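What the coordinates show
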Amino acid sequence: MAAAAHGHTPAAWTGVVIAFVGFCVSGVAMIIPNVVLVIAGLAVVLIGGVVGKAMSMAGMGKQPSKNFAPAAAEERSAVAAG
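Remarks on the overall build of the chain
Looking only at helices and strands, one finds three helices and zero strands in the chain. When the helices and strands of the chain are read in sequence order from the N terminus, they spell out α-α-α. For the chain, the proportion of its 82 residues judged to be buried stands at 15%. Sequence separation of 24 or more characterises 58% of the internal contacts of the chain that already satisfy a separation of 6 or more. Counting only carbon and sulfur atoms, one obtains 75% of the accessible surface of the chain, whose full area is about 6400 Å².

Focus: helix H2 (residues 35–60)
For H2, spanning 26 residues, the distance from its first C-alpha to its last is 35 Å, which sits close to the expected 38 Å at 1.5 Å a residue. Among the residues making up H2, those that are buried are Val38, Gly41, Gly48, Gly52 and Met55. On the buried face of H2, the contacting elements are helix H1 (10–31). Looking at where H2 begins, the residue whose side-chain oxygen comes 3.3 Å from the main-chain nitrogen of valine 36 is asparagine 34.

Each value, and the rule that gives it
Position numbers for residues start from 1 in each chain and track the written sequence from start to end. Under the rules for a predicted model, residues below a pLDDT of 70 receive no local features and side-chain atom pairs below 80 are neither given nor counted, while totals for whole chains, interfaces and linings still include all residues. Side-chain metrics in this entry use all non-hydrogen atoms of the structure; hydrogen atoms and water are not considered. Numbering of helices and strands runs from the N terminus, with a helix taken as a DSSP run of H or I at least four residues long and a strand as a DSSP run of E at least two residues long. Classification of residues uses two cut-offs on accessible area relative to the type maximum, computed with a 1.4 Å probe and protein chains only: under 20% is buried, over 50% is exposed, and between them is partly exposed. Pairs of residues are marked as contacts when any of their non-hydrogen atoms sit within 4.5 Å. A 1.4 Å probe and the Shrake-Rupley method give the accessible areas. Residues count as covered only by the protein chains that appear here. One less than the residue count of a helix, multiplied by 1.5 Å, gives the span that helix is expected to have. Whenever two N or O atoms come within 3.5 Å, that pair is a polar contact, provided that in protein one can donate a hydrogen and the other can accept it, and provided that, for residues adjacent in sequence, both atoms are side-chain atoms.

Next up, the structure:
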């Protein structure tokens, strides 16, 4: 997986760190029986996903490869046909 640079971006790291903090808050809150903190932690997990996606859309995610050009529609239909 490391060769594909899967997740090695500021957007991915930021989203995962925020989600991890939310997961930890929820985990501790379950042990302390505190429903409000569990819900708050789960909300932070969701916010981590939103922040990661927003950062990716802002250009801090994985950039498309410049070495790959999608095949033309004619080439794809010819390959599929036979």
